[in-house]
Amino acid sequence: MTDTTQNADDAFTTNIYYGEDADAAYIEDKTVAVLGYGSQGHAHALNLHDSGVDVVVGLREDSSSWAQAEDDGLRVTTPDTATAEADIVMMLVPDTVQPAVFEAIEPGLEAGNTVMFAHGFNIHYNQISVPENVDVTMAAPKGPGHIVRRDYENGGGTPALIAVYQDYTGEAKDEALAYAQAIGGTRAGVVETTFREEVESDLFGEQAVLCGGVTALVKHGFETLVDNGYAPEMAYFECLNELKLIVDLMYEDGLGGMWYSVSDTAEYGGLTRGDEIVDETVRENMEEVLEEVQDGTFAREWINENQAGRPAYTQLKRHDEEHEIEEIGAPLRDLFEWEEEETEPAEVPADD
């Protein structure tokens with residue numbers, strides 16, 4: 001049954017689909033080429049295969065994942081050959097290499113085929129120009145590949161997004177929903193969005209909160225304690241280690257659940273001091289970051305950075321790796337017994 005969410009003006013803005021909303025007929029007689037066998041690629045390919053879909057994996061001949069995909073019981077060939085066989089081509093190689101891969105596979109596309117993405121960067125920022133006689137859609141699980149696979153194998157599913165950029169056949173949305181069903185998404189819920197909304201909100205979230213904002217906040221907190229004479233180990237525990245406890249509470253039950261679970265002292269301190277730290281100037285900075293995402297400034301910067309061999313990226317990454325918090329954290333993390341599933345890498349390997 002389809003659910004809808006409402007905005008402040010009571011206008012229905014978002015559709016959420018479940019199993020009964022999807023029709024497997026839109027994909028069951030088609031061949032899907034999954035290009036890439038990294039974090040997402042292996043999960044999509046195996047879930048599709050286990051759902052009875054005809055799957056072929058497309059990899060470079062020297063790919064380190066070729067043998068693994070074959071060991072997993074999947075057909076493997078080169079991306080151009082896989083595309084020529086397929087009705088649906090899912091691009092799950094890294095964003096930075098997708099344009100080159102698409103250039104190689106484009107001759108194998110036929111009218112009525114579908115080119116599908118799990119992130120809309122290259123379509124939204126015009127790095128890939130798809131022919132007018134194919135569908136262009138998105139099916140994007142909201143979780144790393146090993147979770148997508150694990151949830152499916154356990155009989156559940158990972159929530160996912162679908163979007164339609166180009167509907168040549170008139171069936172693009174139905175097909176995307178059937179694909180999302182085949183990888184397990186409709187077992188949890190599939191949210192309809194657009195390529196623009198997915199890309200811009202994703203980049204903003206990564207930069208302003210999830211990857212940029214949080215890590216900067218952690219480092220500033222750590223440095224403040226250490227600079228004022230507190231032991232680095234204590235600073236690490238209070239500003240980094242315990243962050244997971246708070247994030248888990250928010251993840252499971254929202255901000256309200258987190259406030260309910262922490263002590264009254266922590267709640268009062270957070271409510272009275274939080275906005276002093278992350279104040280209106282931070283909000284203004286976030287608006288600037290969002291504007292650079294929206295107008296393509298960030299995209300052009302990242303594209304140019306890759307074309308130049310990633311000099312700034314390499315320098316910034318090295319500087320971050322050499323921060324004192326990393327030196328202090330390594331032996332402290334060894335004190336904990338981590339769950340195996342929490343330590344599996346979520347990043348798509350660059351060689352896929």
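Just above, that's the structure.
Rules behind the numbers
- Residues numbered from 1 in each chain as written.
- Predicted model: local features only at pLDDT ≥ 70, side-chain atom pairs only at ≥ 80, totals over all residues.
- Heavy atoms only, no water.
- Helix = DSSP H or I, 4+ residues; strand = E, 2+ residues; numbered from the N terminus.
- Buried < 20%, exposed > 50% of the residue type's maximum accessible area, 1.4 Å probe, protein only.
- Contact = heavy atoms within 4.5 Å.
- Lys, Arg positive; Asp, Glu negative; His and termini not counted.
- Charge placed at Lys NZ, Arg CZ, Asp CG, Glu CD.
- Core = buried A, V, L, I, M, F, W, Y, C linked by side-chain atoms within 4.5 Å.
- Salt bridge = Lys/Arg side-chain N within 4 Å of Asp/Glu carboxyl O.
- Disulfide = S-S within 2.5 Å.

Draft legend 1. View of the overall build of the chain. Within the chain, the secondary structure is distributed over 17 helices and ten strands. With the C-alpha coordinates aligned to their principal axes, the bounding extent of the chain is approximately 65 × 50 × 40 Å. Within the chain, buried positions represent 38% of all 352 residues. A fraction of 64% describes how many contacts in the chain between residues 6 or more apart in sequence connect residues 24 or more apart. Charge separation in the chain, taken as the distance between the mean sites of 18 positive and 74 negative side-chain charges, equals 2 Å.

Draft legend 2. Layout of the nonpolar core. Judged by nonpolar contacts, the single largest core of 56 residues is most densely connected at L48, M91 and Y179. The element contributing the most residues to this core is helix α7 (residues 172–182), with six residues. Grouped together as the second largest cluster of nonpolar side chains are eight residues, V226, A235, Y236 and I325 included.

Draft legend 3. Up close: the pattern of salt bridges. Inspection of the entire model under this criterion finds twelve salt bridges. The partner of D248 in a salt bridge is K244, with the nearest N and O atoms 2.6 Å apart. With D248 and K244 both in helix α12 (residues 243–261) and four residues apart, the pair spans about one turn of that helix. Judged by relative accessible area, D248 falls into the partly exposed class, the value being 28%.

Draft legend 4. Fine view of the state of the cysteines. By the definition in use, this model includes zero disulfides. Cysteine C211 is unpaired, with the sulfur of C239 as its nearest cysteine sulfur at 19 Å. Accessibility expressed as a relative area gives 48% for C211, which makes it partly exposed.

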